[in-house]
Every structure is written in C-alpha cells, then in structure tokens.
Amino acid sequence: MNNVFLSIGSNLGDRKQNLQQSVSILNSLEDTSIILESSIYETEPLYNTNQAYFFNKVIEIQTKLNPYELLEKVKSIELIMGRVLDNSHNFPRIIDIDVLVFNDLTIDSDKLILPHPRIYERRFVLEPWSEITPYYRIVNENLTIKQLYDECLKNKKNSQKVRLINN
C-alpha cells in the first residue's frame, strides 16, 4: 500500500459538507482507505484575497493506486463535485484536492510535482498536517511538519489568518 497525504479545501457552498463529501468519495475508492483526518480550519485565501475564506483539512490515506492514477481520481472527484477546472487557479472553488506527498517519491512532470512545491508557504496545509502527524518528514527535508509549520509562522510574508473550526 502507498502512504499519501492530501490537502482538501473549499470556499463555495456548504464548505464543511464539501470536505466531508470529498473524504467520503476518496474513502470509497477501491483499495483506498482514510488513515487520519485533521480537524477543519477556516483559512484566509492566499494569492487572490478577494474571495470567501476556505475550509481546509489534511488527510492521510493508503491506496494501491499509483500517483498518476490517484491524481486522475482526485481530478474526477473535483469534477463530480462541480469544480470548474478551466479557470479555477486561485479563484473560488467548491473543492480543491492536492496530493502533498506520495510515499517518498519525488516526481517533476507536466502533470504532477511531488512533494507539492508550495507546501512550505501554506499555513493552511502545515497547521492541519502538524495536527495529525507532526513528526512526519517530507522526502529530502530535514525538518518535521511541525518544524516547517513553526518556520512558516515566523515568516512575516505569511500572515494568513487560520482558525480551528469546531468539528
């Protein structure tokens, strides 16, 4: 089985329900199971700040799918749930699922980059991730997720607002 971490976010519609639905669909994939789920965090949008706040979480899954098969399934889930993929980069979206890491693989292709290249600047990823696996280390990284989160908090450029939601 492959060990994978995913980041899930939503800022359209019933954000909490969107997260729950996406996790349920992921859990229903053949030979895939949810191992850990973070709490839900409400987060200020990055990059394009003229939009609603997101609900975000990080989950750990185990799957027999390979990285490209999983990416295909993730994109399919986004489409099924109503995400418009043609112009949704940094714009409001009903669901956004990113593959953060896949085992200890490093991939740099047109379709997939692993580990996800913007983990280090995203408090909305690092905070929930540090909740569920604070001592996890990304391949080729000396710091744990908790240490990366602490470094992110020290970065003055990253003043993103994040708050824990009562689940």
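Sequence order as written defines residue numbering, which begins from 1 separately in each chain. Side-chain atom pairs in this predicted model are given and counted only at pLDDT of 80 or more, local residue features only at pLDDT of at least 70, and totals for whole chains, interfaces and linings cover all residues. As a rule here, side-chain values cover all heavy atoms of the structure and leave hydrogens and water aside.

Trainee: Quick rundown of the pairing of strand S4 (residues 54-63)? Include the residues and the values.
Mentor: Judged by how many residues are buried, S4 sits mostly within the fold: nine of 10 residues are covered. Two strands qualify as a pair provided that DSSP identifies no fewer than 2 bridges between them. Secondary structure elements are defined from DSSP: runs of H or I of at least 4 residues count as helices, runs of E of at least 2 residues count as strands, and each element is numbered from the N terminus. Bridge count for strand S1 (residues 2-10) against S4 is nine bridges, and the pairing is antiparallel. Note on S4: the bridge partner recorded for Phe5 is Glu60. Across five bridges, strand S2 (residues 32-37) lies against S4 in antiparallel orientation. Across the sheet, Ile34 pairs through a bridge with Ile61, a residue of S4. Three labels apply to residues, based on accessible area from a 1.4 Å probe with only protein chains included: buried if under 20% of the type maximum, exposed if over 50%, partly exposed otherwise in between.

Trainee: Provide a residue-level description of the nonpolar core, including the pertinent values.
Mentor: What is meant by a nonpolar core is a set of buried Ala, Val, Leu, Ile, Met, Phe, Trp, Tyr and Cys residues, joined one to another through side-chain atoms within 4.5 Å. With 27 residues, the main nonpolar core has Leu6, Ile8, Leu26, Ile59 and Leu70 as its most contacted residues. Mapped onto this core, the elements with two or more residues apiece are S1, helix H1 (15-28), S4, helix H2 (67-80) and strand S5 (96-102). Ignoring sequence-local partners within four residues, the contact set of Leu6 consists of Leu26, Lys57, Val58, Ile59, Ile61, Leu70, Ile97, Asp98, Val99 and Leu100. The next biggest cluster of nonpolar side chains, apart from the first, holds 16 residues, and it includes Val58, Leu100, Trp129 and Leu148. Contacts between residues were defined by any pair of non-hydrogen atoms, one from each residue, lying within 4.5 Å.

Trainee: For the pattern of salt bridges, give the residues involved together with the corresponding values.
Mentor: Should a side-chain nitrogen of Lys or Arg be within 4 Å of a carboxyl oxygen of Asp or Glu, the pair is scored as a salt bridge. Scanning the entire structure with this criterion turns up 11 salt bridges. As a salt-bridge pair, Lys154 and Glu151 come within 3.4 Å of each other at their nearest N and O atoms. Here Lys154 pairs with Glu151, and both are found in helix H4 (residues 145-154), just three residues apart, close to one helical turn. When its relative accessible area of 58% is taken as the criterion, Lys154 is described as exposed.

Trainee: An account of H4 is requested, with residue identities and associated values reported.
Mentor: Among all positions of H4, only Ile145, Leu148, Tyr149 and Cys152 are buried. All buried residues of H4 lie within an arc of 100° about the axis, which places them on one face of the element. Those residues of H4 hidden inside the fold are in contact with helix H3 (123-132). Taking the helix axis as origin, the arc is that swept by the directions to the C-beta atoms.

Trainee: Let's hear about unusual backbone geometry: which residues, and what values?
Mentor: Each neighbour pair has its own omega, and for Leu114 with Pro115 the value is -10°, a cis peptide bond. Mapped onto the fold, Pro115 is located in the loop between strand S7 (113-114) and H3. Of note, Tyr47 is a non-glycine position whose phi angle comes to about 70°, a positive value. Looking at where Tyr47 falls in the secondary structure, it is placed in the loop between strand S3 (41-43) and S4. Not every positive phi belongs to a glycine, and Asn140 is a case in point at roughly 65°. Within the secondary structure, Asn140 is located in the loop between H3 and H4.

Note that every value here comes from positions in space, so none of it alone points to a role or purpose.
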